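# Architecture at a glance
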Amino acid sequence: MTSSPDSIQKLLTSEDFGDRIHGLNELRTLDAETAWPLLIPLIKDAQVRVRYAAVSQMDTVGIANVSQARTLLLDRLHNDPEADVRAAAADAIGALQIREAFPDLKRAYEGTSDWLIQMSIIACLGELGAPEGFELLKTALASPEPLVQLAAISSLGELQQPEAIPLLVPFLQHEDWQVRQRLVQAFSCFDQSQVAEYLQRLTQDEVDQVANYARDCLQPSQAD
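Residues numbered from 1 in each chain as written. Predicted model: local features only at pLDDT ≥ 70, side-chain atom pairs only at ≥ 80, totals over all residues. Heavy atoms only, no water.

## Let's talk about the nonpolar core
Put simply, the rule is: We call a set of buried Ala, Val, Leu, Ile, Met, Phe, Trp, Tyr and Cys residues a nonpolar core when their side-chain atoms join them within 4.5 Å. Only protein chains enter the accessibility calculation, which uses a 1.4 Å probe; a residue is then buried when its area is under 20% of its type maximum, exposed when over 50%, and partly exposed in between. Where helices and strands are cited, they refer to DSSP runs of H or I of at least four residues and of E of at least two residues respectively, numbered from the N terminus. In what follows, residue pairs with any heavy atoms lying within 4.5 Å of each other are defined as contacts.
Judged by nonpolar contacts, the single largest core of 76 residues is most densely connected at Ile122 and Phe187. No other element matches helix α10 (residues 146–159), which puts 7 residues into this core. With near-sequence residues (within four places) excluded, Phe187 lies in contact with Ile165, Leu168, Val169, Leu172, Val195, Tyr198, Leu199 and Leu202.

See the structure below:
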């Protein structure tokens, strides 16, 4: 049976948080304009699982009102007591391309030591394509948290700023092959003339998955 806005709203306003979770799943069947007013009250729900599910849907439902979505997401980014909700807020900010949120993202990154929040913020900067985030990404490359480093490598590739290339080159020798694979991905975002020698070196990587990925990223004439 197809859910209606009324039946979904009944679930979302239930005292049973399991019903509210079910309602949020059903909310995905509605268009953004219809879902938006139903979603808003769940953003500050008492149950963390409900808040997380609601904030996670802002990446698509938020297009109905990006200005209000920005306000709600920044509130959760700064004030939610749970790391996964704050991380989901950063993810949604990136998905909605809220570029003006950069100062808040920077403040949130610098104000926490939680790797999940930091990783989501760093990934968000790449998705936003915000050149003003370059210095923060540079800092993140030196993070002791491997997943934050990985996110920084990817985001520097997405920014496509040539000055990032010298910062990425040292990772050619990284002991973790997954880091080297992520490096191939980052290099593939740049003009090939700027990174061909590094991709060529990676075609000789001891891990086939990395080497083959690098070959795929090179033009056939250069890979030969």
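## Examining the packing of helix α2 (residues 17–27) against helix α4 (residues 48–61)
Let me state the cut-off plainly: Here the axes come from fitting lines to C-alpha atoms, over the contacting stretch only for helices, and the angles between their N-to-C directions go from 0 to 180 degrees. Any angle that is under 35 degrees is reported as roughly parallel, and any over 145 degrees as roughly antiparallel; angles of 65 to 115 degrees are reported as roughly perpendicular and all others as oblique. Under the convention adopted here, Pro, Cys and the residues Ala, Val, Leu, Ile, Met, Phe, Trp and Tyr are nonpolar, Asp, Glu, Lys and Arg are charged, and Gly plus all remaining residues are polar.
Where α2 contacts α4, the two axes come as close as 9 Å, and the packing angle between them is 10°. As summarised for this structure, α2 and α4 are arranged roughly parallel, according to the angle between their axes. Together, Phe17, Arg20, Ile21, Leu24, Asn25 and Leu27 of α2 and Arg49, Val50, Ala53, Ala54 and Gln57 of α4 make up the contact between the two elements. A class-by-class count of the residues in the contact of α2 with α4 yields 7 nonpolar, 2 polar and 2 charged.

## Structural notes on helix α8 (residues 115–128)
It helps to recall that an α-helix has 3.6 residues per turn; residues three or four apart then point in one direction. For the record, the criterion: In a helix, the anticipated span is given by 1.5 Å times the number of residues less one.
If you check α8, its first and last C-alpha atoms are 20 Å apart, about what 14 residues at 1.5 Å a residue would give, namely 20 Å. Considered for burial, the residues of α8 that qualify are Ile117, Gln118, Ser120, Ile121, Ile122, Cys124, Leu125, Gly126 and Leu128. As for α8, its buried residues are in contact with α5 (66–79), α6 (83–95), α7 (102–110), α9 (134–140) and α10. After α8 finishes, the residue Gly129 shows a positive phi value of roughly 65°.

## As for the pattern of salt bridges
How we decide: By definition, a salt bridge exists where a carboxyl oxygen of Asp or Glu is found within 4 Å of a side-chain nitrogen of Lys or Arg.
Taken as a whole and assessed by the stated rule, the structure comprises 10 salt bridges. Residue Asp75 is joined to Lys44 by a salt bridge in which the shortest nitrogen-to-oxygen separation is 3.7 Å. Here Asp75, found in helix α5, pairs with Lys44, found in the loop between α3 (32–39) and α4; they are 31 residues apart in sequence, far enough to count as distant. The exposure class assigned to Lys44 is exposed, which follows from its relative accessible area of 54%. Salt bridges linked by common partners bring Lys44, Arg51, Asp75, Arg76 and Asp80 together as one network.

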